[in-house]
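Inside the fold
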Amino acid sequence: MAIEKVDLTPRIGSELKLDKATLLSGEHSQEIRRLLVDRGALVVRGLFLNDEELRTVARSLGDLRIGKSKRGSDGKVLNEGDEGILKVSLDPEVNPEYAKFLFGNLLWHMDGTYEEVPPFATLFTPVRLSEWGGDTMFASTYAAYEDLPAEEREWLETLRVMHTMQAALFPAKRDCTPEEFAVWCSYPQRSHPLVWQHKSGRKSLVLSTSAAYVEGMHTAESHDLLQRLMLHATQEKYVYRHVWQAGDLAMWDNTGAIHRAMPYEEGSKREFHRCTLNGEEPITAPTRVEQAA
Ligand code: OGA
Ligand code: MN
């Protein structure tokens, strides 16, 4: 039987009406994967998944990323663990490593642009909500690409962009110390095509706050282009804004959608548990058809 689905906006985001037992059974995993890629972001309400259940759902959809555990002196797992659960929180008590970078999540981004093969998808469920704010927004980079004029699409397909951590984090913390900035600069950088032709044949824009510059382009022109494309891609018509309730599960396709957290109170105890699914294909530029002379 097909899953009952309610589209939340025309271009991105659907709510699936699924109960926990059905979701955990894995019987709909192929269809959920298809919908995830098709709709960019999926939401299921009222599930209240524990870590084990979150992992089970993640494994039914793809290759669960297993991180390296860091443990506190009490032996408690602090960050992305062998167990595949990443605790997303600004609270250093919860995740001291991640708290140093997490504020970058407030700007539109794609996860893992420093990797050759960025993650395929993320599953995200709240453990503690913020007192105010803290919605998560998703924007379809497939839709944004598809709506550009043909001539511009063709030109963009020839460009490559360098992604750096300092580009991602500086705009989110302009009062950083030189030492912090130096740490960001020490991370690996990665060049990717600006347009991704997926294995499916569909194309998307590869945009993120980590996009530092277009290779070979004048700095000023590159800055203007990346800003213009980001403003284009995050217009209301491409965006779904998720207002969290306890028990929600959200999943996003990290390859065809970008996301951000909306601001929330400083010192917040906001905490989400997250499973990441490993990527399945590198970002690949469209194949160019040579024009006959
Ligand atoms: C992330 C992320 C957004 C949020 O975990 O990668 O961007 O709303 N989270 O916390
Ligand atoms: Mn993110």
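Refer to the structure presented above.
Cut-offs applied
Residues numbered from 1 in each chain as written. Chains lettered and ligands numbered in written order. Predicted model: local features only at pLDDT ≥ 70, side-chain atom pairs only at ≥ 80, totals over all residues. Heavy atoms only, no water. Helix = DSSP H or I, 4+ residues; strand = E, 2+ residues; numbered from the N terminus. Buried < 20%, exposed > 50% of the residue type's maximum accessible area, 1.4 Å probe, protein only. Pairing = 2+ DSSP bridges. Axes fitted to C-alpha atoms, helices over the stretch in contact; angles between N-to-C directions. Contact = heavy atoms within 4.5 Å.

Turning next to unusual backbone geometry. Even without being glycine, Phe-48 reaches a positive phi, approximately 50°. With respect to the helices, strands and loops of the structure, Phe-48 is situated in the loop between strand S3 (41-44) and helix H3 (51-61). For Phe-48, a relative accessible area of 53% translates into the label exposed.

Moving on, we come to the sheet that holds S3. Taken in spatial order, the seven strands line up as S1-S2-S3-S13-S5-S15-S4 in an open sheet, and their pairing is mixed. Edge strands, defined here as strands with exactly one partner in the open sheet, are strand S1 (4-7) and strand S4 (86-89). Averaged over all neighbouring strand pairs, the angle between strand axes comes to 25°, with direction disregarded. Summarising the sheet, S4 and strand S15 (residues 271-277) pair through four bridges and their orientation is antiparallel. The residue bridging Lys-87 from the neighbouring strand is His-273, located in S15. On the sheet, helix H2 (residues 29-39) packs against S1, strand S2 (14-17), S3, strand S5 (121-128) and strand S13 (249-253) and is oriented at approximately 125° with respect to S3. H3 contacts S5, S13 and S15 of the sheet and is inclined by roughly 25° relative to S15.

Just distances and angles here, no functional claims.
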